[in-house]
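The chain contents come next:
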Amino acid sequence: MEVAAADDETALAVQELLAARCAIAAADRTTREPGEPGVRLRCFLDLRQEPGS
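Note that residues are indexed from 1 along each chain, following the sequence as it is written. Confidence filtering applies because this is a predicted model: local features only for residues at pLDDT of at least 70, side-chain atom pairs given and counted only at 80 or more, and all residues used for totals across whole chains, interfaces and linings. Only hydrogens and water are removed before side-chain values are computed, so all heavy atoms of the structure are retained for them.

Once that is clear, we can look at the overall build of the chain. Only DSSP runs of H or I reaching four residues or more are called helices, and only runs of E reaching two or more are called strands; each is numbered from the N terminus. A count of helices and strands for the chain gives one helix and four strands. Going residue by residue from the N terminus, the α and β elements of the chain occur as β-α-β-β-β. Counting only residues that meet the buried cut, the chain has 25% of its 53 residues in that class. Note on definitions: a residue-residue contact is assigned when non-hydrogen atoms from the two residues lie within 4.5 Å. A fraction of 54% describes how many contacts in the chain between residues 6 or more apart in sequence connect residues 24 or more apart. For every accessible area listed, the method is Shrake-Rupley and the probe measures 1.4 Å; residues are considered covered only by the protein chains on display. Working note: accessible area of the chain is about 4,100 Å², and carbon and sulfur atoms make up 50% of it. Exposure classes here rest on a 1.4 Å probe applied to the protein chains alone. A residue is buried below 20% of its type maximum, exposed above 50%, and partly exposed in between.

Right, let's get into the environment of Ala26. Note that Ala26 resides in the loop between β2 (23-25) and β3 (39-42). Judged by relative accessible area, Ala26 falls into the exposed class, the value being 57%. Counting along the chain gives 13 residues from Ala26 to Val39, while the straight-line C-alpha distance between them is 16 Å.

The side-chain alternation of β3 yields one buried face, formed by Val39 and Leu41, and one unburied face, formed by Arg40 and Arg42. Examined bridge by bridge, strand β1 (residues 2-5) and β3 share four bridges and lie antiparallel to one another. Following the sheet pairing, Ala4 is matched in β3 by Arg40. DSSP-based pairing: two strands are paired if at least 2 bridges between them are found.

Within this scheme, the nonpolar core is defined by two criteria: the residues are buried Ala, Val, Leu, Ile, Met, Phe, Trp, Tyr or Cys, and they are joined through side-chain atoms within 4.5 Å. In terms of nonpolar packing, the biggest core is built from eight residues, these being Val3, Ala5, Ala11, Leu18, Ala27, Val39, Leu41 and Cys43. Within the residue set of this core, elements represented by two or more residues are β1, α1 (8-19) and β3. Those residues in contact with Ala5 that lie beyond four places of it in its chain are Thr10, Ala11, Gly38 and Val39.

Taken together, the side chains of Met1, Leu45 and Leu47 make up a nonpolar region of the molecular surface, amounting to roughly 310 Å² of accessible area. Considering the arrangement of structural elements, one finds Met1 in the segment before β1. For Met1, a relative accessible area of 47% corresponds to the partly exposed category. For patches, a residue must show more than 30% relative accessible area and have no salt bridge; joins then use 9 Å for like charges and 5 Å for nonpolar side chains, namely Val, Leu, Ile, Met, Phe, Trp and Tyr. Definition used for salt bridges: Asp or Glu carboxyl oxygen within 4 Å of a side-chain nitrogen of Lys or Arg.

Now the structure itself:
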């Protein structure tokens, strides 16, 4: 899943919310595209598993 957000804090907060609902391979940093506003964060979700499993 890719999250587009205005800043790092927002992108990481969205990732935290997702991690509370499903198993996630979390990202540790965001990326920026030169000349584009905001940041992107890519993480991998497994909707079939419970968090912590």
